[in-house]
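Structure assessment
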Number of protein chains: 2
Amino acid sequence: MRDDDLDERDAVRARSEDLAARAREADRFIARYALRLPPGADVDRVAEEIAIEQTVEVPADCIPEAVKADGVPGRVETIDARQDGGFEVAISYRADLAGGSLAGLLNLVYGNVSLVPGIRLVGLDLAPGQLAGLPGPGFGIDGLRRLLGVRDRPITATAIKPLGQPTAILAGLAGAYARGGIDIVKDDHGLHDQRMHPFAERVEACHEAIEEANRQTGGRCLYVPMVAGAPEAVEVQVAYAARLGVRAVMTAPLLTGFETVPRLARRHGMVVLAHPSFAGTFLHDPDHGMTPALLLGTFFRLAGADISIFPNSGGRFAFGRADCVAIAEALRAPLGRIAAALPAPAGGMSLERIGEMVDAFGADTVLLIGGALIRHDPDREVAARAFRAALDAALRERSGSA
Amino acid sequence: MRDDDLDERDAVRARSEDLAARAREADRFIARYALRLPPGADVDRVAEEIAIEQTVEVPADCIPEAVKADGVPGRVETIDARQDGGFEVAISYRADLAGGSLAGLLNLVYGNVSLVPGIRLVGLDLAPGQLAGLPGPGFGIDGLRRLLGVRDRPITATAIKPLGQPTAILAGLAGAYARGGIDIVKDDHGLHDQRMHPFAERVEACHEAIEEANRQTGGRCLYVPMVAGAPEAVEVQVAYAARLGVRAVMTAPLLTGFETVPRLARRHGMVVLAHPSFAGTFLHDPDHGMTPALLLGTFFRLAGADISIFPNSGGRFAFGRADCVAIAEALRAPLGRIAAALPAPAGGMSLERIGEMVDAFGADTVLLIGGALIRHDPDREVAARAFRAALDAALRERSGSA
């Protein structure tokens with residue numbers, strides 16, 4: 001990187017910090033959008049339209065003076081050219097318009113403009129007071145490490161799969177993984193409450209199998225059932241799991257609502273895993289939607305995820321390395337009183353890639369390996385031991401070379 | 001259209017019906033995907049990968065024989081070349097894997113593949129038994145017409161806006177619209193439960209203003225508060241509105257969860273309006289996401305929307321005419337025991353376009369005009385009368401010319 005670039009980056013950063021500080025003083029916060037405009041479009045006008053669309057939603061000449069004076073319409077703060085030929089626009093909003101819920105915040109920063117192509121949400125500088133109403137992780141990294149009894153090293157995780165097998169077999173797999181030393185054993189996200197896989201029966205059997213394994217090994221393997229369905233069903237599922245003594249649940253925020261399961265989980269003192277199912281359309285278009293770091297990092301964390309699962313680069317999905325590292329940073333970076341959460345890179349990972357994943361994501365990471373474990377050895381306990389051994393070897397290698 | 005094309009369309013349709021019938025016999029249903037593949041990609045392999053990703057989610061050689069024999073993995077039924085150079089793939093899934101909730105169905109047909117670019121969900125042939133667990137509209141077109149006392153003609157609607165004004169002013173606007181003869185007066189979707197606009201205060205005042213107007217006019221104008229926020233808050237809001245006697249609520253399914261508000265509304269006998277906020281990333285890419293007809297038509301209707309609001313062509317958003325008509329068709333087409341719902345084209349509509357909207361969408365439509373009413377006349381009652389007069393004129397013109 002040239003010195004010029006560094007100077008420019010510093011200047012941009014200083015300006016950005018100044019902007020955020022001014023917004024906070026006025027009880028406003030900043031959302032940054034990357035715009036890709038059609039030829040001939042007027043960037044000032046488009047920026048102004050976003051500011052209005054996301055707030056007062058009337059023609060500019062129909063906004064009452066008092067509403068303007070109160071700062072209710074979004075305010076275009078800066079417009080900069082981007083190196084990719086587009087623009088970056090910073091718009092400030094009154095923080096109280098979001099109303100203290102994640103749904104309100106998402107509506108304010110990306111509700112209606114999600115329907116307008118060429119607008120991507122790329123940054124958010126929240127006002128400290130705004131974080132008060134948002135749940136955030138109930139455990140966070142420290143709480144989860146205490147629960148698991150795992151210090152310092154990356155946490156191992158796998159999934160109970162494939163679906164379609166009798167409950168006794170699924171529970172058998174769960175127990176074998178736990179005996180083999182995996183820290184977290186979660187349901188595959190396609191398991192919820194189906195005729196083939198009734199929630200109550202499956203969760204009781206898998207929980208029992210893992211508890212039995214824990215009694216044998218003295219370990220603290222955590223079982224994570226998938227919770228999904230209609231809202232009343234979700235409530236019943238979480239309460240049922242809590243009664244059994246299950247300490248964690250998994251949810252897909254885009255399917256069940258961002259805060260639905262996390263709020264229930266917090267009531268019962270349970271860890272929350274967030275799954276990216278149905279979230280992909282926000283992420284695949286470099287000119288629309290939002291950055292993976294915002295959705296699967298910041299927003300999932302604010303919603304209450306202790307662990308956010310995402311498709312790692314080099315797997316079955318199309319995320320790049322930089323995106324994945326940015327998700328991890330968004331989960332772990334300081335964010336007011338909101339606890340830090342753990343990234344769980346997944347989606348076609350293998351034992352051979354453990355060292356590389358440790359290098360990329362560091363110790364505060366959940367290494368989630370599913371299908372590759374099955375392929376490694378049909379005996380799941382043996383496969384689990386191999387996972388743990390591969391991790392230990394990678395860590396030894398790294399501490400030796402340090 | 002040439003005869004060849006018609007023949008081809010008939011042949012495709014006959015084949016599609018045959019496929020759906022075969023799937024139903026086996027308690028399966030069909031999802032159709034349009035694929036846009038990178039050069040050199042093998043369409044058979046990609047189709048097979050989707051079928052596996054959405055169900056068993058393990059490498060193909062790790063699927064147990066019994067799971068295959070039970071038809072648990074998705075099954076590629078047909079692959080056809082599309083005229084646009086891509087492919088259309090029909091995959092059948094066991095209906096019971098969706099588990100009787102909309103979240104389960106969406107997860108099964110578009111959960112993980114949302115994360116893979118170039119895959120668009122373009123069709124769905126549900127099995128009749130599958131509809132049993134899904135709520136659908138509580139009122140539907142007939143029920144809503146009875147509630148409003150509006151027969152045959154399109155229904156008029158507007159929004160209370162802009163936000164940022166004191167409650168008394170918002171309530172005054174609501175009352176004026178109702179006195180002017182608008183059928184449905186809804187909150188702007190940015191109004192929910194903020195410091196500036198506390199839900200209880202606003203909803204009571206607006207409801208009272210509209211009831212007072214109804215007493216004066218003998219009309220039955222329906223007030224629709226926006227419900228949003230964390231799940232417990234939403235529950236409190238709906239219950240509070242119901243206690244006041246409010247008969248309708250609005251929700252943004254992508255923000256609050258597809259079924260959260262509709263299930264609460266049904267419990268209280270309330271009409272549901274669905275708003276497309278935060279839904280746009282599913283719709284903007286012709287090679288990814290899903291058709292607007294599926295998301296804002298079929299899925300919003302299945303979730304329980306009596307009215308689905310969408311950005312009409314020619315307004316502030318980028319939907320085409322054909323997409324909008326297809327949404328309306330998906331809301332109103334026969335769908336087992338699920339009631340028909342009303343399309344509400346919106347987003348920058350004006351009085352001048354009423355005739356054209358009537359032509360495009362027919363009588364079973366909600367004409368939602370917001371900002372343009374404000375611009376038409378600062379006196380909202382006068383503006384409302386003008387809206388009704390413009391509609392009546394358009395209808396007279398059309399019945400005269402029939």
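Moving on, we come to the overall build of chain A. Tallying secondary structure elements over chain A gives 15 helices and 13 strands in all. The C-alpha atoms of chain A give a radius of gyration of 23 Å, which matches the 21 Å a tight globule of 402 residues would have. A buried classification covers 60% of the 402 residues belonging to chain A. Contacts in chain A between residues far apart in sequence, at least 24 positions, make up 73% of those at least 6 positions apart. For chain A, the exposed area adds up to about 14,600 Å²; of that, 51% sits on carbon and sulfur atoms. One way to put it: in chain A the 43 positive side-chain charges average out to a point 6 Å from where the 53 negative ones average out.

A few words on the side chain of Asp-306 of chain B. All names here are of chain B. Position of Asp-306 among the secondary structure elements: in the loop between α11 (292–303) and β11 (307–311). Buried and unpaired, Asp-306 has no salt bridge, with Arg-266 as the nearest side chain of opposite charge at 6.6 Å. At a separation of 3.4 Å, a polar atom in the side chain of Asp-306 contacts the main-chain amide nitrogen of Gly-138. For Asp-306, the side chain forms a polar contact with the main-chain nitrogen of Gly-140, separated by 2.7 Å. Residue contacts for Asp-306: discarding those within four places in its chain leaves Pro-137, Gly-138, Phe-139, Gly-140, Met-270, Val-271, Val-272, Ala-341 and Leu-342.

All right, on to the packing of helix α12 (residues 321–332) of chain B against helix α13 (residues 354–361) of chain B then. Residues and elements named next belong to chain B. Where α12 contacts α13, the axes come no closer than 10 Å and their chain directions differ by 55 degrees. With respect to α13, the element α12 is oriented oblique. Here Arg-321, Cys-324, Val-325, Ala-328 and Arg-332 of α12 lie close against α13, whose contacting residues are Glu-356, Ala-360 and Phe-361. Its residues placed into classes, the contact of α12 with α13 shows five nonpolar, no polar and three charged.

The subject of this paragraph is the relation of the copies chain B and chain A. Superposition record for chain B on chain A: RMSD 0.0 Å, screw rotation 180 degrees, translation along axis 0.0 Å. Taken together, these values place the two copies in the relation of a two-fold axis. The position closest to the rotation axis in chain B is occupied by the C-alpha of Gly-257 of chain B, lying 1.9 Å away. Comparing interface residues between copies, 100% of those in chain B also lie at the interface in chain A; the contact surface is shared.

All names here are of chain B. Counting through the fold element by element, Thr-298 comes out in helix α11. In the structure, Thr-298 is positioned 265 residues away from Tyr-33 in sequence and 16 Å away in space, judged by C-alpha atoms. Beyond its immediate stretch of four places on either side in the chain, Thr-298 contacts Ala-293 and Ala-330.

This model, assessed by the stated rule, comprises 15 aromatic pairs over all chains. Judged by centre distance (6.4 Å) and plane angle (70 degrees), the ring pair of Phe-199 of chain A and Tyr-240 of chain A falls under edge-to-face. In this pair, Phe-199 of chain A sits in helix α7 (residues 199–217) while Tyr-240 of chain A sits in helix α8 (residues 231–244), placing the two residues 41 residues apart along the sequence. Here the two residues Phe-199 of chain A and Tyr-240 of chain A agree in accessibility, since each one is buried. Among the aromatic residues, ring-to-ring pairing joins Tyr-110, Phe-258, Phe-278, Phe-282 and Phe-300 of chain A together with Tyr-110, Phe-258, Phe-278, Phe-282 and Phe-300 of chain B into one connected group.

What follows covers the sheet that holds strand β5 (residues 155–160) of chain B. All names here are of chain B. Read from one edge to the other, the open sheet built from four strands follows the order β7-β6-β5-β13, with strand pairing classed as parallel. Looking along the sheet, the strands with just one partner apiece sit at the ends: β7 (222–224) and β13 (366–368). Ignoring which end each strand starts from, the neighbouring axes of this sheet average 25 degrees apart. Relative to β7, strand β6 (residues 184–187) runs parallel, the two sharing three bridges.

Our next topic: the domain arrangement of chain A. All names here are of chain A. Domain boundaries in chain A define domain 1 (3–133) and domain 2 (140–401). Spacing between the C-alpha centres of domain 1 and domain 2 amounts to 33 Å. Contact residues are listed per partner, giving 23 residues for domain 1 and 21 residues for domain 2. Note on domain 1 versus domain 2: buried area summed over both sides is about 1,700 Å², and carbon and sulfur give 64% of it.

Between chain B and chain A, the residue contacts involve 77 residues of the former and 78 residues of the latter. Between chain B and chain A lies a buried interface of about 6,700 Å² when both sides are counted; carbon and sulfur atoms form 62% of it. Taken together, chain B and chain A are joined by 10 salt bridges. Arg-267 of chain A is the salt-bridge partner of Glu-232 of chain B, the closest N and O atoms lying 3.9 Å from each other. On the surface where chain B and chain A come into contact, there are 27 residue pairs in polar contact (both at pLDDT 80 or more). Those elements that provide at least two residues to the side of chain B that touches chain A are α4 (102–110), α8 (231–244), α9 (253–256), α10 (260–267), β10 (289–290) and α14 (371–376) of chain B. Sort the elements by how many residues they give to the side of chain B that touches chain A and α4 of chain B lands first, with five residues. Its residues placed into classes, the side of chain B that touches chain A shows 34 nonpolar, 26 polar and 17 charged.

Calculation notes
- Residues numbered from 1 in each chain as written.
- Chains lettered and ligands numbered in written order.
- Predicted model: local features only at pLDDT ≥ 70, side-chain atom pairs only at ≥ 80, totals over all residues.
- Heavy atoms only, no water.
- Helix = DSSP H or I, 4+ residues; strand = E, 2+ residues; numbered from the N terminus.
- Rg over C-alpha atoms; globule rule 2.2 N^0.38 Å.
- Buried < 20%, exposed > 50% of the residue type's maximum accessible area, 1.4 Å probe, protein only.
- Contact = heavy atoms within 4.5 Å.
- Areas by Shrake-Rupley, 256 points an atom, 1.4 Å probe, with all protein chains shown as cover.
- Lys, Arg positive; Asp, Glu negative; His and termini not counted.
- Charge placed at Lys NZ, Arg CZ, Asp CG, Glu CD.
- Salt bridge = Lys/Arg side-chain N within 4 Å of Asp/Glu carboxyl O.
- Polar contact = N/O pair within 3.5 Å; in protein donor to acceptor, adjacent residues only side chain to side chain.
- Axes fitted to C-alpha atoms, helices over the stretch in contact; angles between N-to-C directions.
- Parallel < 35°, antiparallel > 145°, perpendicular 65-115°, else oblique.
- Nonpolar A, V, L, I, M, F, W, Y, C, P; charged D, E, K, R; others polar.
- Least-squares fit on C-alpha atoms with pLDDT ≥ 70 in both.
- Phe/Tyr/Trp six-rings, centres within 6.5 Å; stacked < 30°, edge-to-face > 60°.
- Pairing = 2+ DSSP bridges.
- Domains from an automatic or database assignment.
- Buried area = accessible area lost by both parts, 1.4 Å probe.

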